[in-house]
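Okay, here's what each chain looks like letter by letter:
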Amino acid sequence: MATHANDYIKPELMACCGAREIKDNDLVIVGTGFPAMSANIAKYTHAPNAIMMQESGVIDAQPKRIALSVGDPCLNPGAAMIGGLVEIMGMFLQAGMVDVGFLSGSQVDKYGNINTTVIGDYDHPKSRLPGSGGANPIGSLAKKTLIIALHDKRRLAKKLDFVTTPGYIDGPGAREKWGLPPNTGPQALITNKAVLRFDKDACEAYLASYHPGSSVKEIVDATPWELKVADDVHETQPPTSNELRVLREILDPGRLISIYEKKGYV
Amino acid sequence: MATHANDYIKPELMACCGAREIKDNDLVIVGTGFPAMSANIAKYTHAPNAIMMQESGVIDAQPKRIALSVGDPCLNPGAAMIGGLVEIMGMFLQAGMVDVGFLSGSQVDKYGNINTTVIGDYDHPKSRLPGSGGANPIGSLAKKTLIIALHDKRRLAKKLDFVTTPGYIDGPGAREKWGLPPNTGPQALITNKAVLRFDKDACEAYLASYHPGSSVKEIVDATPWELKVADDVHETQPPTSNELRVLREILDPGRLISIYEKKGYV
Amino acid sequence: MNKVMTAKEAISKHVKSGDFLFIGGYICRSPFSAIHEIIRQGIKDLTITRSNAADDFDMLIGAGCVKRFIATFLSLGLYGLGRCYRRSLEKGIPHKIEVEEYSNLSLPMMLLAGAMGMPFVPVKDMVGTDLLNVKSFMGENKYKMIDSPFDGKPTLLVPSLNPDVGIIHVQQADESGNAQIWGIGGDCQYGANASKKVIIFCERIVTRETIGKDPSRTIVPAPKVVAVVEDPFGAHPGYTPGFYDTDFSYGYLYQQASNTEQGFKEFLKEWVYDIEDRSAYTKHYIEKLGYEAFKKLQADFDYGYPVSYAY
Amino acid sequence: MNKVMTAKEAISKHVKSGDFLFIGGYICRSPFSAIHEIIRQGIKDLTITRSNAADDFDMLIGAGCVKRFIATFLSLGLYGLGRCYRRSLEKGIPHKIEVEEYSNLSLPMMLLAGAMGMPFVPVKDMVGTDLLNVKSFMGENKYKMIDSPFDGKPTLLVPSLNPDVGIIHVQQADESGNAQIWGIGGDCQYGANASKKVIIFCERIVTRETIGKDPSRTIVPAPKVVAVVEDPFGAHPGYTPGFYDTDFSYGYLYQQASNTEQGFKEFLKEWVYDIEDRSAYTKHYIEKLGYEAFKKLQADFDYGYPVSYAY
């Protein structure tokens, strides 16, 4: 049986939460940081046949170091296939073959919509962010999207300044109305305090589990919308010692993940 | 100066007529037989920078023997680029980059429309032919199409049993009406008796030159429509000794071209 | 995941009567081993497609496996019209197949669209011709003409295709199906990737490490693939660059045999029904036509340069 | 035809103020040598495009060369937001550029459509979001929603793009421009082929015979190409598989410098304006950052296998 470790940092727990959403044989489109670590933890534990791809054109890379971008040199040698954006975003994602996509954002609302374009007014931005990149198509077309966010009332937002990437848009029936593929959409919102899941009917994020050290009340207070709480709400399972071993010994011996602490993931 | 040879067969003359329609730097989509020989004669004489491509995916092949199909093994080693149908028919032809395409057909009408699909009724064919293949897109999209045909009242037809490939369709304005690109369409119809060219306004084939040994009258009689004759109608220039040298010594030392005599090109 | 199996297993497990098949090849890498196995297993009512079909499609039609054909072209090349194709359409022997006519621009684009998850794709050919006037089993969905919402110009849209099974023959693949080719592509890459599942026939199974030494050569990645069959000489009488040449003499044999219904039946018996697999086929070829003929087909060596992906 | 020339000649001859440029690269093979030359020549009012832009686009914007940007994304990756991009949009320094927002599915498909001669292409993303609500210089032609004539479903169409000039950096090309790559492709192939003319920057010019040893590696054929520039190390601080690694330290230098308008100006003076060409750039790099740093970037050797196309 897996034993649970006590000495971990929050980004490690979050990476493990992401890993647990991945099933064996899943096709996972990954970026850098959390997503890459989550997918790799899954691959080294319960999902050995999961296959990762990067939008730049890479399938089943065999990097010898942590990739620092989705175009990182270390993704080239040893991959199963390398093409370009059209092969990954078209031939896999738009073709409906991608099971899991990871997203993060500067603002996320209760429907799992995400803003990575602008803070403030679009034409007179307070802060101009990078834009969609692969986020919109991943949020539109991956079967399950997993969203990573900081848990405060600025990042979890009542109303986004700009909807870059669709979650459930404005609620039940909206994805269908816009013609997005059936059975797609956000599956979990993983924050530094909790795992929120999405109610199939209401299309709204509710509290599924609170991380060790946090509480239902703290989380409800830190959420800008009236957060619903699952009947079976429980503490998030801490990283198992096996998950941590994989993460620290195989995937990230340099502990790059600790930079997320500096970014507020505590 | 080029001197003219007297000892040639009709298919050789026809290949030279085709070659003379190609300009230096032209991009030429070629099949086998005449077209390949015409394009190569041009390349070895007045159009050294013409580049040939085959619809199967090949650009600037360097075959060491005569290619017997557009997918022939000899087209692979030494080519400048090899992709697939999408690269040639899409990235070159549909993108408007192909200057010259060669076509042949079992029936050709005065507008340069071609039938390679069926003789007789479509649903109850007397003879089922191969179908369009690359012919329709070449006839639709190449800037100039050169048509090769036998000159008799069956092959040159008043009405086609099936229009596989567009020439000028039903006359002036038709290509424009259907949205085909401007400045495309048949340029010459090269038969075993004559070179017919297309009148820009009437979109109709007229007699431009008669091959040595033939006559205006013979050609008019062998044409099923009322064939107009150019004011400056003249004898077709015979193959030059240089053209024949290239054809016989470099391109086709085995004289495979003579099989066209058996097919009626006399 | 190891997906290696015999041709017999791959076809019986993944191809059933009534399926819609994309079968790649362009004289280059024709999957003859698969074609023969489909005929041997008596699979019927297939819908088949490829741009520029040849002797392999003619044989499938003659053997009675085909109900429908999404077509651009079918001929025996150097050897003229497809005899079985003609007999089917002109005389209903063994039965009349249904043909939907496209072109070598439109059909590859429909497969590209299928591979890319597009619902349809605009193409610039076919207009003004009888290719738009004849409609068969695809009916009103063969194409649609619209006025472009951008500039109002008449624009032809053709639907994407997603065959049930794609079958291609490649130079090399690993056990999980990462498939690599070099040389003439035809419509293999998009046809295979448009298909719901893919069967890879290959000259050689190589390790995953070999694939990873040159991943830009991969045209179909493992997640699309359900079976991998190692069948050397499997594209004969077509060719495989770097492995063997086209067999023009055998092409003539087929032309002569298929000239008559009886001749075709005898040809099928000799080269398909009485043959168990590609190994038996190769053995029969050598016995019948001689080792010299076999040896003459083997490709010369003319190797290029390796590249490095390291950093 | 020999199209080899210097970067200076290629840019001055083929890129003019007001042009629409596709500039390829994805950290992998970023054409920095071309970017620097465009800045040095003071070319203005450009419309630029690429999926996933990075430091090179940030620099062009900061240098005041850009009027319009057909965008999906711009960041410095590991080093955060693009400083010049932010200053342009937030503060109008040096001026406010116009941005048309797409995504990493839609834009590559618009380039594919441009390369293939399609007028537009259907895509399945962007719907239901503000990406459809903001329209800039493309106005009503940014996209069109139609009901599919096949099944009546709402379908988003985006227009094809045909830039005036495409600029990419590749591993090798011959004198006439046949350009070959291996490794991550980004949107280079379709972006370049969608362009009316293409400038190829390469690590090495090779013979036409070398190209012909492996023609399946060619992504842009000579007829599309107007200039070939041999600029080794030309993608630095990006990388070229098989040649050199990404220079993360230099990325940090750029981030720090571009944090302020003044710092960015000094950076441009040092690394662009006061530098004549890639040779001077490489020399300056070695002088400033040391030969060890330069040497460390050079790629390991880990060669794959050659293949044969013979028959």
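No experiment lies behind these values; they were computed from the predicted model shown.

Colleague: Looking at this structure, I do not really get the overall build of chain C. What am I missing?
Modeller: Along the backbone of chain C there are 12 helices and 12 strands. Against the compact-globule benchmark of 19 Å for 311 residues, chain C has a radius of gyration of 20 Å, which places it among compact chains. Expressed along its principal axes, the backbone C-alpha trace of chain C runs to roughly 60 × 60 × 35 Å. Of all 311 residues assigned to chain C, the portion counted as buried reaches 67%. Pairs at least 24 residues apart make up 73% of the contacts formed inside chain C by residues separated by at least 6 positions. With an accessible surface of roughly 9900 Å², chain C has 51% of that area assigned to carbon and sulfur atoms. With 34 positive and 37 negative side-chain charges, chain C shows a separation of 3 Å between the mean positions of the two kinds.

Colleague: I tried to follow the interface of chain C and chain D on my own but got confused; where do I start?
Modeller: As a measure of interface size, the accessible area lost when the parts come together is often cited. Each partner contributes to the interface: chain C provides 48 residues, whereas chain D provides 48 residues. Interface area for chain C against chain D, summed over the two sides, is near 4500 Å², with a carbon-plus-sulfur share of 65%. Contact with chain D buries area across many residues of chain C, yet Phe150, Tyr305 and Tyr311 of chain C alone supply 18% of it, more than any other trio. The interface formed by chain C and chain D holds four salt bridges in total.

Colleague: Sorry if this is basic, but what is going on with the sheet that holds strand β13 (residues 205–210) of chain B here?
Modeller: The pairing of strands in a sheet comes from backbone hydrogen bonds and takes either a parallel or an antiparallel form. Residue and element names in this part refer to chain B. In space, the 10 strands of this open sheet follow the order β4-β3-β2-β1-β5-β10-β11-β12-β13-β14, with mixed pairing throughout. Either end of the sheet is taken by a strand with one partner, and the two such strands are β4 (81–82) and β14 (228–235). Packed on one face of the sheet, helix α1 (residues 10–20) meets β5 (100–104), β10 (144–149), β11 (186–191) and β12 (194–198) and runs near 165 degrees to β11. Helix α2 (residues 34–44) rests against β1 (27–29), β2 (51–54), β5 and β10 of the sheet, and its axis sits at about 160 degrees to β2.

Colleague: For this particular structure, what's the right way to read the relation of the copies chain C and chain D?
Modeller: The pair of chain copies shares a relation made of a rotation about an axis and a shift along it. The two copies are related by a screw motion: chain C maps onto chain D through a turn of 180 degrees and a shift of 0.0 Å along the axis, at an RMSD of 0.0 Å. One copy is carried onto the other by what is essentially a two-fold rotation axis. Residue Pro306 of chain C of chain C places its C-alpha closer to the rotation axis than any other residue of that unit, at 2.2 Å. Both copies contact each other with a shared surface, as 100% of the interface residues of chain C are interface residues in chain D too.

Colleague: Explain the pattern of salt bridges here, please?
Modeller: Taken as a whole and judged by the stated rule, the model has 58 salt bridges over all chains. A salt bridge links Asp26 of chain B to Lys144 of chain B; the shortest N-O distance between them is 3.6 Å. With a gap of 118 residues between them, Asp26 of chain B in the loop between α1 and β1 and Lys144 of chain B in strand β10 connect regions that are remote in the sequence. Like Lys144 of chain B, Asp26 of chain B is buried. Between Glu98 of chain C and Arg68 of chain C there is a salt bridge whose closest N-O contact spans 3.2 Å.

Colleague: What am I meant to see in the pairing of strand β4 (residues 98–101) of chain C here?
Modeller: Residues in a regular strand project their side chains so that they alternate between the two faces of the sheet. With four bridges connecting them, strand β3 (residues 66–71) of chain C and β4 of chain C associate as parallel partners. Counted as the bridge partner of Arg68 of chain C is Glu98 of chain C from β4 of chain C.

Colleague: Explain the sheet that holds strand β11 (residues 186–191) of chain A here, please?
Modeller: Residues and elements named next belong to chain A. Here 10 strands make up an open sheet; going across it, the order is β4-β3-β2-β1-β5-β10-β11-β12-β13-β14 and the pairing mixed. A strand with exactly one partner marks an edge of an open sheet, and here the two such strands are β4 (81–82) and β14 (228–235). Packing against the sheet, helix α2 (residues 34–44) makes contact with β1 (27–29), β2 (51–54), β5 (100–104) and β10 (144–149), and its axis sits at approximately 160 degrees to β2.

Colleague: Which parts of the structure should I look at to understand the pairing of strand β10 (residues 197–205) of chain D?
Modeller: Residues and elements named next belong to chain D. Sheet analysis places strand β8 (residues 165–173) next to β10, joined by eight bridges and oriented parallel. Directly across from Gln172, in β10, lies its bridge partner Arg204. One ladder, built from five bridges, connects β10 with strand β12 (residues 225–230); its direction is parallel. Bridge assignment links Val198 to a residue of β12, and that residue is Val225.

Colleague: Whenever I open this one, the interface of chain B and chain D confuses me. Can you help?
Modeller: Facing the 25 residues of chain B at the interface are 23 residues of chain D. The largest share of the area that chain B buries against chain D comes from Ala80, Met81 and Met91 of chain B, three residues that together contribute 28% of it. Across the contact surface, chain B and chain D share one salt bridge. The salt bridge partner of Asp60 of chain B is Arg208 of chain D, with a shortest N-O separation of 3.3 Å. Inspection of the chain B/chain D interface yields seven residue pairs in polar contact (both at pLDDT 80 or more). Elements supplying a minimum of two residues to the side of chain B that touches chain D: β4 and α3 (85–94) of chain B. With six residues, α3 of chain B is the single largest residue contributor to the side of chain B that touches chain D. Its residues assigned to classes, the side of chain B that touches chain D comprises 15 nonpolar, six polar and four charged.

Here is what the cut-offs are and how they apply
Residues numbered from 1 in each chain as written. Chains lettered and ligands numbered in written order. Predicted model: local features only at pLDDT ≥ 70, side-chain atom pairs only at ≥ 80, totals over all residues. Heavy atoms only, no water. Helix = DSSP H or I, 4+ residues; strand = E, 2+ residues; numbered from the N terminus. Rg over C-alpha atoms; globule rule 2.2 N^0.38 Å. Buried < 20%, exposed > 50% of the residue type's maximum accessible area, 1.4 Å probe, protein only. Contact = heavy atoms within 4.5 Å. Areas by Shrake-Rupley, 256 points an atom, 1.4 Å probe, with all protein chains shown as cover. Lys, Arg positive; Asp, Glu negative; His and termini not counted. Charge placed at Lys NZ, Arg CZ, Asp CG, Glu CD. Buried area = accessible area lost by both parts, 1.4 Å probe. Salt bridge = Lys/Arg side-chain N within 4 Å of Asp/Glu carboxyl O. Pairing = 2+ DSSP bridges. Axes fitted to C-alpha atoms, helices over the stretch in contact; angles between N-to-C directions. Least-squares fit on C-alpha atoms with pLDDT ≥ 70 in both. Polar contact = N/O pair within 3.5 Å; in protein donor to acceptor, adjacent residues only side chain to side chain. Nonpolar A, V, L, I, M, F, W, Y, C, P; charged D, E, K, R; others polar.

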